[in-house]
Amino acid sequence: MENENHLSRRVNMEKGHLKQILLITDGCSNHGEDPIAMAALANEQGITVNVIGVLEENVIDQESLQEVEGIAMSGGGVHQIVYAHQLSQTVQHVTRKAMTQTLQGVVNKELQQILGKSTSMEELPPEKRGEVMEVVDELGEMASLEILILVDTSASMKPKLPTVKEALLDLSISLNSRIGDNRYAVLVFPGKKDEVEKVLDWTPKLESLSSIFPKLSTGGITPTGPAIREAIQHFKKKRSLKSLLRNEEDYYDESGM
């Protein structure tokens, strides 16, 4: 078997960065496209969809629970149901767990190419499995991470928004220790004028949320499907801008200007 450094290089070349959607909601979608289908579309395009369902104390909404689980499953991500006071630790845990899960999938594919289609990480001898997990941990620290955060601002979420803000700020602080780059964007749904509204474009820091969140308005509908669809488009817009800048750089290089 190729050694762990070689495996790390091979995987790193194929997986330059991780793309995640983090959906924070307390209710069932009631407007627009099916969010489970939209999550599957995101997953097909290399974007993991993770969901945190924020419950009221002593209230269990079975329909919402099923939707949270369904979105994460079709989006290739992880989900967790929490009460608002547990949100901060949960946001960090879900983000880290999804990173590891995604990278394990990438490493498994690479192992299958090296060792044969029937081989997975779990089937390796214990010492080799440990080495491969070191590769996963290393990639988790080194890879660039893009997290697009979708925040449900339907009427029932209003009292929970200050907690959501603090949880996202804590997430930013907890990820600062990573070697790889972190980029965040925040969309809310419903927006003031549209189903989905961008409140923070791609940035390495979330500190500006402190001034944004108190100004957010809340509404009655929950357009979760359209929000995931818009999140997918937001990743595409970012890539398009990168391509445009790269093409301009190529032009200047070739022309000598």
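Residues numbered from 1 in each chain as written. Predicted model: local features only at pLDDT ≥ 70, side-chain atom pairs only at ≥ 80, totals over all residues. Heavy atoms only, no water.

- Looking at an unreviewed UniProt entry, one finds the chain named VWA domain-containing protein, with Metabacillus endolithicus as its source organism.

1. What about the sheet that holds strand E2 (residues 48-55)?
- Read across the open sheet, the 6 strands follow the order E3-E2-E1-E4-E5-E6; overall the sheet is mixed. Pairing within the sheet leaves two strands with one partner each, and these edge strands are strand E3 (76-83) and strand E6 (197-203). For this sheet, the mean angle separating the axes of adjacent strands, direction not counted, is 15°.
- Bridging between strand E1 (residues 17-25) and E2 involves 6 bridges; their strand directions are parallel. Bridged to Gln-20 within E2 is Thr-48. (Pairing = 2+ DSSP bridges. Helix = DSSP H or I, 4+ residues; strand = E, 2+ residues; numbered from the N terminus. Axes fitted to C-alpha atoms, helices over the stretch in contact; angles between N-to-C directions.)

2. Looking at helix H6 (residues 161-175)
- With 15 residues, H6 extends 21 Å from end C-alpha to end C-alpha; this agrees with the ideal 21 Å at 1.5 Å per step.
- Listing the buried residues of H6 in full gives Leu-161, Val-164, Lys-165, Ala-167, Leu-168, Leu-169, Leu-171, Ser-172 and Leu-175. (Expected span 1.5 Å × (residues − 1). Buried < 20%, exposed > 50% of the residue type's maximum accessible area, 1.4 Å probe, protein only.)

3. Some details on the pairing of E2
- Counting buried positions along E2 yields 8 of 8 residues, so the element is predominantly enclosed.
- Burial along E2 is two-sided: Thr-48, Asn-50, Ile-52 and Val-54 facing one way and Val-49, Val-51, Gly-53 and Leu-55 facing the other are all buried.
- In this structure, E2 lies alongside E3, joined through 6 bridges in parallel fashion. In the strand pairing of E3, Leu-55 is matched with Tyr-83.

4. Focus: the pattern of salt bridges
- Across all of its chains, the model carries 6 salt bridges by this definition.
- A salt bridge links Arg-229 to Glu-33; the nearest nitrogen and oxygen atoms lie 2.3 Å apart. Here Arg-229, found in helix H8 (residues 224-255), pairs with Glu-33, found in the loop between E1 and helix H2 (35-44); they are 196 residues apart in sequence, far enough to count as distant.
- Each of Glu-33, Glu-195 and Arg-229 takes part in one network of salt bridges that share partners. (Salt bridge = Lys/Arg side-chain N within 4 Å of Asp/Glu carboxyl O.)

5. As for the packing of H2 against helix H3 (residues 62-74)
- Taken N-terminus to C-terminus, the directions of H2 and H3 make an angle of 20°; their axes are 7 Å apart at the nearest point. The angle between the axes of H2 and H3 places the two elements in the roughly parallel class. Crossing hand, H2 versus H3: right-handed. Taken together, the residues of H3 that come into contact with H2 (itself represented by Pro-35, Ile-36, Ala-39, Ala-40 and Asn-43) are Glu-67, Gly-70, Ile-71 and Ser-74.
- Here the contact of H2 with H3 is built from residues that sort into 5 nonpolar, 3 polar and 1 charged. (Parallel < 35°, antiparallel > 145°, perpendicular 65-115°, else oblique. Left-handed = near helix turned anticlockwise from the far one by under 90°. Contact = heavy atoms within 4.5 Å. Nonpolar A, V, L, I, M, F, W, Y, C, P; charged D, E, K, R; others polar.)

6. Concerning the environment of Asp-34
- Relative to the helices and strands, Asp-34 resides in the loop between E1 and H2.
- For the pair formed by Asp-34 and Thr-224, sequence separation is 190 residues and the distance between their alpha carbons is 8.0 Å.
- Separated by 3.0 Å, the side chain of Asp-34 and the backbone nitrogen of Ile-36 make a polar contact. (Polar contact = N/O pair within 3.5 Å; in protein donor to acceptor, adjacent residues only side chain to side chain.)

7. Quick notes on the nonpolar core
- Grouped together as the largest cluster of nonpolar side chains are 42 residues, with contacts concentrated most on Leu-22, Ile-24, Val-91, Ile-149, Val-151, Leu-168 and Leu-206.
- Apart from residues lying up to four places away in sequence, Val-91 is in contact with Leu-22, Ile-24, Ile-52, Ala-167, Leu-168 and Leu-171.
- Grouped together as the second largest cluster of nonpolar side chains are 23 residues, Ile-71, Ala-72, Ala-227 and Ile-232 included. (Core = buried A, V, L, I, M, F, W, Y, C linked by side-chain atoms within 4.5 Å.)

8. Some details on unusual backbone geometry
- In this chain, Phe-189 is followed by Pro-190 through a cis amide linkage whose omega measures 0°.
- One can find Pro-190 in the loop between strand E5 (182-189) and E6.

9. Considering the confidence of the model for the chain
- On average, the chain scores 81 in pLDDT, and the residues at 70 or more come to 81%.
- Across the chain, H2 holds the top mean pLDDT of 96, while helix H1 (residues 4-14) sits lowest at 47.
- Per-residue pLDDT stays below 50 along residues 6-15; that stretch engages in 21 contacts with residues further than four places along the chain or on separate chains.
- This model gives residues 246-257 a pLDDT under 50, and the stretch forms 2 contacts once residues within four places in sequence are excluded. (pLDDT = per-residue confidence, 0-100.)

10. Considering the side chain of Ser-172
- Along the chain, the position of Ser-172 falls in helix H6.
- The contacts of Ser-172, once residues within four sequence positions are left out, are Tyr-184 and Leu-206.

11. Structural notes on the environment of Gly-53
- Within the secondary structure, Gly-53 is located in strand E2.
- In this structure the C-alpha to C-alpha distance between Gly-53 and Asp-26, which are 27 residues apart in sequence, comes to 5.3 Å.
- Those residues within four positions of Gly-53 in sequence are excluded, and the remaining contacts are Thr-25, Val-68, Gln-80, Ile-81 and Val-82.

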